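Take a look at the letters that make up each chain.
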Amino acid sequence: MSDNKVQIFDTTLRDGEQVPGCKLNTEQKIIIAEQLDFLGVDIIEAGFPVSSPGDFKSVVEISKIVKNATVCGLTRAVENDIKVAGEALKLAKTGRIHTGIGTSESHIKYKFNSTKEAIIERAVKAVSYAKTFVEDVEFYAEDAGRTDNEYLARICEAVIKAGATVLNIPDTTGYCLPSEYGAKIKYLKENVKGIEKAIISCHCHNDLGLATANSIEGVINGARQIECTINGIGERAGNTALEEVVMIMKQHPYLNLDTGIKTEMLYGLSQLVSDSMGIYTQPNKAIVGANAFAHSSGIHQDGMIKNRETYEIMDPKDVGVTESAIVLTARSGRAALAYRAKKVGYELTKLQLDEIYTIFLDFADKKKEVDDEDIHKIIASSKVYKEIISA
């Protein structure tokens, strides 16, 4: 793998499906998995096979249809979990078992009532057993964000020796600051013997709104896989948003980090996931929100009409959006009204525009947003209507 290639590990169908009230059936999962494969993701985490017969079936069926991506199944560091995942992945062109255990002091003491040494032993045993089913084994150190770096390095070193090919360093609770998370990845790169044999992966949650920032800081410091979901959906406040990290790397070429994702599919896939899961995507969501390329401020609209790059750092077509929107509200200026009027067939002189703009403001104050049909009504009600249509 090229040193500047960042693998995209999509967990929409596993971690993303843990949103309360959300449940996808196998048919829906297959449709989304096919689109993720077309999108160009490297790994599709298809489910947690031991958790239910439905999840097991979904992993089996997705394994059959995915042509390019690696299909991954999640497990705990439990022998039966790993065995069931291995069975579910039998038909995958390339399969990966994702196994692991909590490594923070809190998890070791309260979740497992165990010791650091015993946890390392369980981790090694799980990875070794997973290797009997697949060559590609990813180990997750749950709550790595709050795990002491020295201990985290010890457990990473041990699982690499056992055959782990990927080390997942999750900020499970979304606690880390970007500088802290980046420093953690850098520490592992510099202090884990055999680290060159494994890929470091970022799996960041969004409890403090830092998932994307942490993941980017992770790859800047040497990680080469990001675990993410479409629309950033997932447990609690969600996961790292796939569309955000992909477009950050694309828009900052000096980072020299490439994903190979077909970005023009992002908007359509966002809508597919939203509709399938019944989860509303906030309008101001970065990249794929309804307002991501919409402009209603008069100052912004004037700049946009003159040159799109004054207020947009991305071409909307790059993410699958047809064009930017100039939204007419009471905050819009004359330039925006003239622009939209021209779109529906009216070439207005300066004097005509001044006359119509006064009517427009009254209309906009009452209706809040003015559409194309309203423009026709506003112009028809003006003193200069006959003058305009006879021009």
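About the cut-offs
Residues numbered from 1 in each chain as written. Predicted model: local features only at pLDDT ≥ 70, side-chain atom pairs only at ≥ 80, totals over all residues. Heavy atoms only, no water. Helix = DSSP H or I, 4+ residues; strand = E, 2+ residues; numbered from the N terminus. Polar contact = N/O pair within 3.5 Å; in protein donor to acceptor, adjacent residues only side chain to side chain. Contact = heavy atoms within 4.5 Å. Buried < 20%, exposed > 50% of the residue type's maximum accessible area, 1.4 Å probe, protein only. Core = buried A, V, L, I, M, F, W, Y, C linked by side-chain atoms within 4.5 Å. Salt bridge = Lys/Arg side-chain N within 4 Å of Asp/Glu carboxyl O. Expected span 1.5 Å × (residues − 1). Phe/Tyr/Trp six-rings, centres within 6.5 Å; stacked < 30°, edge-to-face > 60°. Lys NZ or Arg CZ within 6 Å of the ring centre and 35° of its normal. Disulfide = S-S within 2.5 Å. Pairing = 2+ DSSP bridges.

With an unreviewed UniProt entry as reference, the protein is termed 2-isopropylmalate synthase, source organism Pseudotamlana agarivorans.

## Side note on the side chain of aspartate 136
Positionally, aspartate 136 belongs in strand S5 (residues 136-142). One polar contact links aspartate 136 to arginine 96, side chain to side chain, over a distance of 2.8 Å. A polar atom in the side chain of aspartate 136 sits 2.6 Å from the side chain of threonine 165. Beyond its immediate sequence surroundings of up to four residues, aspartate 136 is in contact with Thr70, Gly95, Arg96, Ile97, Thr165 and Val166.

## So, the environment of serine 114
Relative to the helices and strands, serine 114 is located in the loop between helix H4 (105-111) and helix H5 (116-130). By relative accessible area, serine 114 is classed as partly exposed at 26%. Along the backbone, serine 114 and valine 134 are 20 residues apart, and their C-alpha atoms lie at a distance of 28 Å. In this structure, serine 114 is in contact with Ile108 and Ile119, ignoring residues within four places of it in sequence.

## A few points about the nonpolar core
Ranked by size, the top nonpolar core spans 87 residues in total, and within it Leu39, Val41, Phe139, Leu167, Ile169 and Leu242 carry the most contacts. Ranked by residues supplied to this core, first place goes to helix H6 (residues 149-162) with 9 residues. Not counting residues up to four positions away in its chain, the partners in contact with leucine 39 are Ile230, Leu242, Gly260, Ile261, Lys262, Met265, Leu266 and Leu269.

## Brief notes about the pattern of salt bridges
Enumeration over the complete set of coordinates arrives at 26 salt bridges. The partner of aspartate 302 in a salt bridge is lysine 306, and the shortest N-O contact between them spans 2.9 Å. With aspartate 302 and lysine 306 both in helix H11 (residues 298-306) and 4 residues apart, the pair spans about one turn of that helix. Residue class for aspartate 302 comes out partly exposed when judged on its relative accessible area of 29%. For lysine 306, a relative accessible area of 64% corresponds to the exposed category. Across the pair arginine 308 and glutamate 312 runs a salt bridge, and its minimum N-O distance is 3.5 Å. Exposure remark for arginine 308: the relative accessible area of 26% places this residue in the partly exposed category. What emerges from the salt-bridge pattern is a single network uniting Arg14, Asp15 and Glu45.

## Overview of helix H2 (residues 53-65)
Taking 1.5 Å per residue as the helical rise, H2 with its 13 residues ought to reach 18 Å, and the 19 Å between its terminal C-alpha atoms agrees with that figure. Every buried residue belonging to H2 is among Asp55, Ser58, Val59, Val60, Ile62 and Ser63, and all of these are buried.

## Focus: helix H13 (residues 350-367)
Under the 1.5 Å per step criterion, the end-to-end length of H13 is 25 Å for 18 residues, consistent within 8% with the ideal 26 Å. Of the positions making up H13, those classed as buried are Gln352, Leu353, Ile356, Tyr357, Phe360 and Ala364. Summarising the contacts, the buried residues of H13 are in contact with helix H12 (334-343), helix H14 (372-380) and helix H15 (385-389). Two residues or fewer after H13 comes lysine 368, characterised by a positive phi angle close to 80°.

## Here's the deal with the packing of aromatic side chains
On inspection of all chains with the given rule, the structure shows 2 aromatic pairs. Pairing tyrosine 129 with phenylalanine 133 gives two aromatic rings, centres 5.1 Å apart and planes at 90°, and the pair type is edge-to-face. Residue class for tyrosine 129 comes out partly exposed when judged on its relative accessible area of 24%. A relative accessible area of 33% means that phenylalanine 133 is categorised as partly exposed. Across the ring face of tyrosine 151, the terminal group of lysine 116 is positioned such that the distance to the ring centre comes to 5.1 Å.

## Description of unusual backbone geometry
Of note in the backbone geometry, asparagine 113 takes a positive phi value of approximately 50° without being a glycine. For asparagine 113, the location among the structural elements is in the loop between H4 and H5. Phi is positive for asparagine 231, which is not a glycine, with a value near 70°. Its place among the elements puts asparagine 231 in the loop between strand S8 (225-228) and helix H9 (242-251). In this structure asparagine 231 comes out as buried when scored by relative accessible area, which is 11%.

## A look at the state of the cysteines
What the rule picks out here adds up to 0 disulfides. No disulfide involves cysteine 22; its nearest neighbouring cysteine sulfur is the one of cysteine 228, lying 17 Å away. Judged by its relative accessible area of 8%, cysteine 22 is buried. Its sulfur unpaired, cysteine 156 is 12 Å from the next cysteine sulfur, which belongs to cysteine 202.

## Structural notes on the pairing of strand S1 (residues 7-10)
The alternating pattern of S1 places Gln7 and Phe9 and Ile8 and Asp10 on opposite faces, both of which are buried. Note that S1 and S8 share 4 bridges and pair parallel. The residue bridging isoleucine 8 from the neighbouring strand is isoleucine 226, located in S8. Of the strand pairs in this sheet, S1 and strand S2 (residues 43-47) are connected by 2 bridges, and their pairing is parallel. For aspartate 10, the partnering residue across the bridge sits in S2 and is isoleucine 44.

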